[in-house]
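Single-letter residue listing:
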Amino acid sequence: MRTASRFVIVLIFLGAVLGGIFGYKFYQFSQFKEMMSKPQPPVQISAVDATKEFWTPAIKAVGSIEAVNGVQVANEVPGVIQSINFESGDSVKQGDVLIRLNTDIDEAALRTRRAEAELAAQEFKRVSDLLPKRAVSQSQYDEAKANFDAARARVNEAEATLSKKVIRAPFDGTLGIRMVDQGEYIATGTPIVEVNMLDPIYVDYTLSEKNLPEVATGYPVVATVAAVPDQQFAGEVSAINTSVNPETRTVRIRATVSNDGNQLRPGMFATVMTRQPKDDEVITVPRTAVSYNTYGDFVFVVEENDEGILVVNRRTVDTGETREGRVAVLSGLEEGETVVSKGLLRLRAGQSVEIQQEADAAAEATD
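Residues numbered from 1 in each chain as written. Predicted model: local features only at pLDDT ≥ 70, side-chain atom pairs only at ≥ 80, totals over all residues. Heavy atoms only, no water.

Q: Any details on the packing of helix α2 (residues 104–130) against helix α3 (residues 138–163)? Residues and values, ideally.
A: Two elements in contact, α2 and α3, have axes whose closest approach is 8 Å; the angle formed by their N-to-C orientations is 160 degrees. One element, α2, and the other, α3, form an angle in the roughly antiparallel class. Pair α2 / α3 crosses with left-handed handedness. Classifying every residue of the contact of α2 with α3 gives 13 nonpolar, four polar and nine charged. (Axes fitted to C-alpha atoms, helices over the stretch in contact; angles between N-to-C directions. Helix = DSSP H or I, 4+ residues; strand = E, 2+ residues; numbered from the N terminus. Parallel < 35°, antiparallel > 145°, perpendicular 65-115°, else oblique. Left-handed = near helix turned anticlockwise from the far one by under 90°. Nonpolar A, V, L, I, M, F, W, Y, C, P; charged D, E, K, R; others polar.)

So, in structure tokens, the structure goes:
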């Protein structure tokens, strides 16, 4: 009898405990359900209106910087460097002497050639005087003349060889790093120094064949490089290749740009914008207002629902070029529509919002 009483008491105790637990959980669930049924407070947002602007159409491409004239100066004849007349990085004019090679042997050879030429000239003069008197034959005259001409040619050859011992700047430009030393023996074709004409300078790039009708000689070009990302270098298209590459279906374009200060150097990677001589009307929004993803770009448009409450709706848009922090919207948005300018990740479609002060929105639009 005592065992049955104890069993009943245990059951009553367990029922009370479990009932208390279930009751407390039911109360928590009721409280949570009541809290979720309450309307969410509006999210504070910054918003701007889509505006209409006039942008010049541009084609973006990548290319490289090339010197208008750029060579690696080398010697045509071997020799020992007698003197070096430049320092690395110097600016030079066409014809300036860069180095002189030792010319002792060449000067001696030139004196020998000149002496031979003088002797041949005297012999030719005697034969020329005797020919009218028939004291010499025509063949002797021809031989003397040939010897005289050959002697003069050898003099010219020796003078040319001697002149090649002086290496001069081929054009106006800026020198690179010196690659030889005084007293060094240099064989034919030894690199001495690089010289480049830096202002103006070329930008070579390629465009798809479909863009060929949109570019012509004289169109304005703007180039930027990683070394000075905040500066734009203006120029114009100076040449278009006459053929399209059959493998890549691209055409090579060459632009000539101003390079004041020599900030652009041959070999640099450049981003090039080729502009057209006309303006297009486009709808623009701040870049921060657009969410870019694999399935399409979208913006959150601020609208009033049937109850007059401001809510945001997600809208897919087609975007174009980006300039100075603003994006061109090609379709999906009309002028004057209000879009969220930042904080897109914490929003969802249909969520109620509250726009911050206009000053904040204006500040965001200019960022």
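Q: Any chance you could break down the sheet that holds strand β13 (residues 201–208) for me, citing the residues and the numbers?
A: If you trace the six strands once around the closed barrel, you get β4-β13-β16-β15-β14-β17, paired in antiparallel fashion. With strand direction ignored, the average angle separating the axes of adjacent strands in the sheet is 40 degrees. Here strand β4 (residues 58–67) pairs with β13 via five bridges, running antiparallel. Bridge pairing in β13 places Ser-64 opposite Asp-204. (Pairing = 2+ DSSP bridges.)

Q: So, α3: which residues are in play, and what are the values?
A: Each full turn of the α-helix corresponds to 3.6 residues, which orients residues three or four apart in the same direction. Counted at 1.5 Å a residue, the expected span for α3 with its 26 residues is 38 Å, and the 38 Å between its end C-alpha atoms agrees. Within α3 the residues assigned to the buried category are Tyr-141, Ala-144, Phe-148, Ala-151, Val-155 and Ala-158. Buried residues in α3 make contact with α2. (Expected span 1.5 Å × (residues − 1). Buried < 20%, exposed > 50% of the residue type's maximum accessible area, 1.4 Å probe, protein only. Contact = heavy atoms within 4.5 Å.)

Q: Please provide a residue-by-residue account of the pairing of strand β12 (residues 191–196), values included.
A: Direction of pairing for strand β5 (residues 70–74) relative to β12: antiparallel, over a ladder of five bridges. Note on β12: the bridge partner recorded for Val-73 is Val-193.

Q: Lay out unusual backbone geometry in plain terms, naming residues and giving numbers.
A: Negative phi values dominate among residues other than glycine, just as trans dominates among peptide bonds. Cis peptide bonds are those with omega within 30 degrees of zero, and the linkage from Asp-199 to Pro-200 qualifies with 0 degrees. Structurally, Pro-200 can be placed in the loop between β12 and β13. With phi around 55 degrees, Arg-249 is a residue other than glycine that occupies positive phi space. Along the chain, the position of Arg-249 falls in the loop between β15 (233–240) and β16 (250–257). Among the residues examined, Arg-249 registers a relative accessible area of 45% and is labelled partly exposed. With a phi close to 55 degrees, Asn-262 is a non-glycine residue in the positive phi region. Using a relative accessible area of 27% as the deciding quantity, one classes Asn-262 as partly exposed.

Q: Give me the layout of surface pockets: which residues, what numbers.
A: The space that makes up the largest pocket amounts to roughly 790 Å³. Taken together, 28 residues make up the lining of the largest pocket; nearest its centre are Met-273, Arg-275, Glu-321, Thr-322 and Arg-323. Elements represented by at least two residues in the lining of the largest pocket include exactly β3 (51–55), β4, β14 (220–225), β17 (269–275), β18 (280–286), β20 (310–323) and β21 (326–331). Ranked by residue count, the leading element in the lining of the largest pocket is β20, at four residues. Across the lining of the largest pocket, the residue classes tally to ten nonpolar, eight polar and ten charged. Of the voids in this model, the second largest pocket is the one considered here, and its volume is about 150 Å³. (1 Å grid on protein atoms, 1.4 Å probe; cavity = no way out; pocket = protein on both sides within 12 Å on 5 of 7 lines; lining within 4 Å. Points joined across faces, edges and corners; volume = space filled by probe spheres on them.)

Q: Describe the pattern of salt bridges, and please don't skip the residues or the numbers.
A: In the structure shown here, the tally under the stated rule is 17 salt bridges. Its salt-bridge partner being Glu-335, residue Lys-52 comes within 3.4 Å of it at the nearest N-O pair. One end of the pair, Lys-52, is in strand β3; the other, Glu-335, is in the loop between β21 and β22 (338–340), and 283 residues separate them in sequence. Given a relative accessible area of 47%, Glu-335 falls into the partly exposed group. A salt bridge links Asp-149 to Lys-145, with the nearest nitrogen and oxygen atoms 3.1 Å apart. Of this pair, Asp-149 and Lys-145 both sit in helix α3, four residues apart, which is roughly one turn of that helix. (Salt bridge = Lys/Arg side-chain N within 4 Å of Asp/Glu carboxyl O.)

Q: Could you give an account of the environment of Ala-58, with specific residues and numbers?
A: For Ala-58, the position within the fold is in strand β4. Residue Ala-58 is classed as partly exposed on the basis of its relative accessible area of 23%. When the C-alpha atoms of Ala-58 and Phe-124 are compared, they prove to be 74 Å apart, with 66 residues separating the residues in sequence. Residues in contact with Ala-58, not counting those within four places in the same chain, are Met-273, Thr-274, Arg-275, Glu-321 and Arg-323.

Q: Now, about the side chain of Asp-204: what can you tell me, with residues and values included?
A: Relative to the assigned elements, Asp-204 resides in strand β13. For Asp-204, the contacting residues outside a window of four places in its chain are Gly-63, Ser-64, Glu-66, Arg-252, Ile-253 and Arg-254.

Q: Please give an account of the sheet that holds strand β8 (residues 97–101) that cites residues and values.
A: Strand order in the open sheet formed by four strands is β9-β8-β6-β11, and the pairing between neighbours is antiparallel. Each having just a single partner strand, β9 (166–168) and β11 (185–186) make up the two edges of the open sheet. Sheet topology places β8 next to β9; three bridges connect them, and they run antiparallel. Residue pairing in the sheet places Val-97 in a bridge with Arg-168 of β9.

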